[in-house]
Amino acid sequence: MFNSKGSAYSKRGRTWGFCIFLLFTSPLSCSANFSQAKELIYKIKEGLPKGSFIGAIGRDLNLNFTVEPPFSFNLPQKKVSDQYVKLNNSTGELYTSATEIDRETLCPDNSVRRGCDLSLDVIVLPQQYFQLIKVKILIEDVNDNRPKFPTDEISMFIPENSPINARYTVEQSAVDPDLGTYGVQTYWLVNDFGLFTLDVEENEGGELTPFLIVTEDLDREVQDEYITDIIAEDGGTPPLLGAATLKIIITDVNDNCPHFTESQINVTLHGNSTKGAHLARLHAFDPDLGSNALISYTYSERVPRTTRSLFQLDKTTGLIKLAGKIDSGTHTFYKLTVLANGPGCIPAVATVTVHVIKVITGPPAVISRYIAQEKDGVVTLKESEPAFSPIAFFTVKNMDLNQKVNCYLEGFGPFRIVPYQLLKNEYLLETTEPLDYEKTQDYELIVVANNTHGVVIKTFLKVQILDENDNAPVFQQALVEISIEENNLPNSFLTQLQATDQDSGSRGQVMYLLGGDAPGVFVVDQVTGVLTVATSLDREEKEKYRFIVRAIDHGTPRRESIATVVVTVLDRNDNSPRFINKDFTFFVPENFPGYGEIGVLSVTDADAAENGWVALSILNGSDIFLIDTGRGALRAKTSLDREQQGTYQLWIEAVDGGKPALSSVTMVTVLLLDVNDNPPVVLFPQSNQSYLLVLPNTEPGTSITEVYAVDKDTGMNAVIAYSIIKRKGGEPGSFAIDPETGNITLQRELSIRGLYSLLVKVSDHGQPEPLYSTVMVNFFVNETVCNESYVQSLLTREADIEVEEKPWYIGQMTDGPERYEMFPCRPVLIALSVTCLGLFSLVVTLLTYICYKKFKKIRKKECEVEIPLKTKNDSAKAVNRKLRQVSNI
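Draft legend 1. Just the overall build of the protein, in detail. Assigned secondary structure in the protein consists of nine helices and 59 strands. Burial status across the protein gives 40% buried among its 889 residues. Considering only contacts within the protein whose residues lie at least 6 apart along the sequence, 67% involve residues at least 24 apart. Element-wise, carbon and sulfur atoms account for 53% of the exposed surface of the protein, whose accessible area totals about 50200 Å².

Structural data, given as structure tokens:
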């Protein structure tokens, strides 16, 4: 409603006015319905496409969109809205509009510290929810501008006598609208000619100024101008470049003196020569320029004053012309000494000898007066001369006034001779069309004059066309494609670029230069155009180079053309396959199914095509393992058992497809992880039928024996726990077993004689479920073993003892009260003892004490038979030690 019409604003003004009135007249403030202005800050990069999300105002204000009437978001600045952003009136979401935001356009005077932002006012309606939201959109800079020089061509004037390391400021430095590192960071020259280099200095404001430094002696007379490209590079990734042509003009100093091109000149002068006739033009040359090359011509003091007045010498041009009438009767010879004077120099000397020939008026003659430059009958014309340019006047003399004279031109070329206006016997030679040096360089013309009496006078004339720089060099190929194998030798020949220029002389001489985009590894000979590569190329670093080569002539102004060079680096098999790891280790659980994938060996080859194809093979262990040639997946042909072999070391070879092939080898270690697949094996006692005689008077705490077991597994799978899971015979809790060592100790006094049987469970700690074994440990409590067969029968009867499962850690230190059957041998012994005593009292009462004692010794020898459970000979100890070592492994 605020953006529709002006009347809405007027209504709003009346509302605010009413509120202000109530503010002073009522304790209730109208501002209760209006919130303070809030500020939201969003940050985006410049150059985002249309429809890019900027921010959600409603969400960021935590507004409840379920209220009625719904919220409405409005932008009063319609121009800003249409140009840069679009606001969703329902949700308050801001998006970029069709106009791309350009930070450099939006904030042309922006700096890094100030930043660039777009400020908006967003109004939240309806009236009961009114808020004024200040939205600030910060525009971040991106590297979207190249450095740009103020001019495409920068001219610098360097004196030829500049000392080495002299510095000259390049005033027209490049400008990059981007900020910070995206601005100009460095400058460099495409070609320094071995005479110059660039240095860059940074002022207090952070601006970089390039300086041209002279590194070698200069000589303007050898070369007066150097043209290269100066490159400005910013700090973006990748960097953007700006280029300008840098013309280094070597200014002259007065280090040369004039000298004549000809020091001896002979001139023939006819006695009837008219005043003003040109006799000779002296030419002295000074290689310097400007005021340093100014030459003035004067006569030597040895030339008489009369002779000077007769032969006028132009001080500037060196032209000598006749200033008076020759007296051929008195003088036939004149010698003129002319000096060429230069600033600060000894004058150069030339001698002009004038021979005077007597002339008597004779037959008709044609007198020529040249408008164009002429020497020795040769007229020179520039090829740029337009059509109908005058060349010379021809005057026919000594003709009879009554005779009609006809003058015409013989020869080929765009020339004509016509009568000049209404003057009699005056003819003008001129061109008829533009000249072209590249088509014809000179013309032979004959000016013929005749009369009615058949008198014919011929004047021979040669017109020479002067070439001008009107043709640019032309490459034979605009696109030059070159292939070279990588790892080439430095300074390898690539090709010879050829460009021709139809102009003549220095104007047709072509100089070859690399363009600003050419990498520094390429070099072109400026004279021959031979293109070489200075270093060895690596296809893996870069496969293709594309740059331009410039062909520039030496004319004024200089003309040039370009050719594009594409260098393709061909691959050689110079890279061995490389495994991503120096060696590989794979952990595989034992019993892993055959042909299952153990692991993958990743290998790369930087070469291309067949040189980069890699095949894998196993150098050892191929009877157990195999590997996918291409993919590198390692597999075992069968299931592996850690207890048989826990570690496998394989050597894997990777061979590429090059000729000759290159290879590399890596070591693969396959470690089998233990699986709890072996229950403990009881090594002692060796049988459930063995037993140990324990004397009744054995003291509690005495170690009776030890259960010894091993487990082929490792780790927790091989940690063994011992527990008694069943007892039979004797008193409950008489014996206890150490859960870690298996040592069985007596816990209480033995008051009951007979056979004690313990069912011992030997369990490991494997996961997910422990494995175990059981063994029967038997103790025969008595002073002696009187009846071996009886004990064996008891052992056989106890072999079917019922196992009651208990955890190994419960009830090992103390045993509760248990009910065991009474050992059956006790009443039998009592009965036997009574019977024996009765027999002894009746039959042997008369035996002496000595006989009784002998009888007792004989009985003890026959009846005292012990069968120990624990035999500790040396061989048993050695076996136990080996088994313990295996268990520890």
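Draft legend 2. Structural detail: the environment of Gly344. Within the secondary structure, Gly344 is located in the loop between strand 22 (333–341) and strand 23 (348–357). Assessed through its relative accessible area of 85%, Gly344 is described here as exposed. Expressed as a C-alpha distance, the spacing of Gly344 and Cys257, which sit 87 residues apart in the sequence, is 8.2 Å.

Draft legend 3. Structural context of the state of the cysteines. Under the definition given, this model contains two disulfides. One disulfide bridge connects Cys107 with Cys116, the sulfur atoms lying 1.9 Å from each other. In this structure the cystine formed by Cys107 and Cys116 twists about its S-S bond by roughly 70°; its chirality is therefore right-handed. Of the residues examined, Cys116 reaches a relative accessible area of 3% and is grouped as buried. Across the disulfide from Cys257 sits Cys345; the S-S distance is 2.2 Å. Its S-S torsion of about -85° marks the bond between Cys257 and Cys345 as left-handed, since a negative value means left-handed. Pair noted here: Cys257 is in the loop between strand 14 (241–251) and strand 15 (259–260) and Cys345 is in the loop between strand 22 and strand 23, with a separation of 88 residues, a long-range link. Exposure remark for Cys257: the relative accessible area of 36% places this residue in the partly exposed category. For the protein, the disulfide bridges join cysteines in the arrangement 1-2, 3-4, where the cysteines are counted in sequence order.

Draft legend 4. Highlighting the packing of aromatic side chains. Considering all chains together, one arrives at 20 aromatic pairs under this definition. Summarising the aromatic geometry, the rings of Phe65 and Phe73 are spaced 6.4 Å apart at their centres and angled 40° between planes, so their arrangement reads as tilted. On the basis of an interplanar angle of 80° and a centroid distance of 5.7 Å, the ring pair of Phe735 and Tyr756 is categorised as edge-to-face. In this pair, Phe735 is assigned in strand 56 (residues 735–737) and Tyr756 in strand 58 (residues 754–764), connecting sequence segments 21 residues apart. There is no split in this pair, since Phe735 and Tyr756 are both buried. One aromatic cluster in this structure is built from Phe65, Phe71, Phe73 and Tyr129. Between the NZ or CZ atom of Lys761 and the centre of the ring of Tyr772, over which it lies, the distance is 4.3 Å.

Draft legend 5. Representation of the confidence of the model for the protein. When pLDDT is averaged across the protein, the result is 81; 84% of the residues are at 70 or more. Scored below 50 in pLDDT, residues 1–35 shows 30 contacts in the model against residues more than four places distant or in partner chains. Throughout residues 859–889 the model reports pLDDT below 50, and contacts reaching past four residues in sequence, or to other chains, amount to 37 contacts.

Draft legend 6. Geometry of the nonpolar core. Grouped together as the largest cluster of nonpolar side chains are 27 residues, with contacts concentrated most on Phe260, Phe311, Ile320, Val338 and Val352. Of all the elements in the fold, those that place two or more residues in this core are strand 16 (264–270), strand 17 (278–281), strand 19 (296–299), strand 20 (311–313), strand 21 (319–322), strand 22 and strand 23. Among the elements that line this core, the one with the most residues is strand 23, at five residues.

Draft legend 7. View of the sheet that holds strand 55 (residues 720–728). One open sheet holds the four strands; their spatial order is 52-59-58-55, and the pairing between them is mixed. Because the sheet does not close on itself, it has two edges, and the strands there are strand 52 (691–694) and strand 55. Strand-to-strand, the axes of this sheet are offset by a mean angle of 30°, without reference to chain direction.

Draft legend 8. Molecular detail of the sheet that holds strand 56. Strand order in this open sheet of three strands is 53-57-56, and the pairing throughout is antiparallel. Edge strands, defined here as strands with exactly one partner in the open sheet, are strand 53 (703–706) and strand 56. Strand-to-strand twist of the sheet, defined as the mean angle between neighbouring strand axes without regard to direction, takes the value 25°. Pairing of strand 53 with strand 57 (residues 743–746) involves three bridges; the strand directions are antiparallel.

Draft legend 9. Focus on the pattern of salt bridges. Within this structure, the stated rule accounts for 26 salt bridges. Residue Lys45 pairs with Glu140 through a salt bridge whose shortest N-O separation is 3.4 Å. Of this pair, Lys45 sits in strand 1 (residues 38–45) while Glu140 sits in strand 7 (residues 131–140), and the two are 95 residues apart along the sequence. On the basis of relative accessible area, Lys45 is assigned to the partly exposed category, the value being 43%. The residue Arg507 makes a salt bridge to Asp467 at a minimum N-O spacing of 3.5 Å. Remark: Asp467 occurs in the loop between strand 32 (456–466) and strand 33 (474–475) and Arg507 occurs in the loop between strand 36 (499–500) and strand 37 (510–514); sequence separation between them is 40 residues. The exposure class assigned to Arg507 is partly exposed, which follows from its relative accessible area of 25%. Classification of Asp467 by relative accessible area gives buried; the value is 7%.

Draft legend 10. Up close: unusual backbone geometry. Residue Pro126 is reached from Leu125 by a cis peptide bond, and omega for that bond is 10°. Here Pro126 lies in the loop between strand 6 (117–125) and strand 7. Positive phi values are uncommon outside glycine, yet Ala609 reaches one of about 55°. Position of Ala609 relative to the elements: it lies in the loop between strand 45 (603–604) and strand 46 (614–618). The exposure class assigned to Ala609 is exposed, which follows from its relative accessible area of 58%.

Draft legend 11. Spotlight on the side chain of Glu438. Topologically, Glu438 is positioned in the loop between strand 30 (426–431) and strand 31 (442–451). For Glu438, which is buried and forms no salt bridge, the nearest opposite charge comes from Arg507, at a distance of 7.3 Å. A distance of 3.2 Å separates the side chain of Glu438 from the side chain of Asn471, its partner in a polar contact. What Glu438 contacts, discounting residues up to four positions off in sequence, is Glu383, Asp467, Asp470, Asn471, Gln502 and Asp503.

Draft legend 12. Here's a closer look at a nonpolar patch on the surface. A cluster of nonpolar side chains, namely Leu619, Trp651 and Val665, defines an oily patch on the protein surface of about 290 Å² accessible area. Structurally, Val665 can be placed in strand 50 (residues 663–673).

Parameters at a glance
Residues numbered from 1 in each chain as written. Predicted model: local features only at pLDDT ≥ 70, side-chain atom pairs only at ≥ 80, totals over all residues. Heavy atoms only, no water. Helix = DSSP H or I, 4+ residues; strand = E, 2+ residues; numbered from the N terminus. Buried < 20%, exposed > 50% of the residue type's maximum accessible area, 1.4 Å probe, protein only. Contact = heavy atoms within 4.5 Å. Areas by Shrake-Rupley, 256 points an atom, 1.4 Å probe, with all protein chains shown as cover. Disulfide = S-S within 2.5 Å. Phe/Tyr/Trp six-rings, centres within 6.5 Å; stacked < 30°, edge-to-face > 60°. Lys NZ or Arg CZ within 6 Å of the ring centre and 35° of its normal. pLDDT = per-residue confidence, 0-100. Core = buried A, V, L, I, M, F, W, Y, C linked by side-chain atoms within 4.5 Å. Pairing = 2+ DSSP bridges. Axes fitted to C-alpha atoms, helices over the stretch in contact; angles between N-to-C directions. Salt bridge = Lys/Arg side-chain N within 4 Å of Asp/Glu carboxyl O. Lys, Arg positive; Asp, Glu negative; His and termini not counted. Polar contact = N/O pair within 3.5 Å; in protein donor to acceptor, adjacent residues only side chain to side chain. Patch = residues over 30% accessible without salt bridge, like charges linked within 9 Å, V, L, I, M, F, W, Y side chains within 5 Å.

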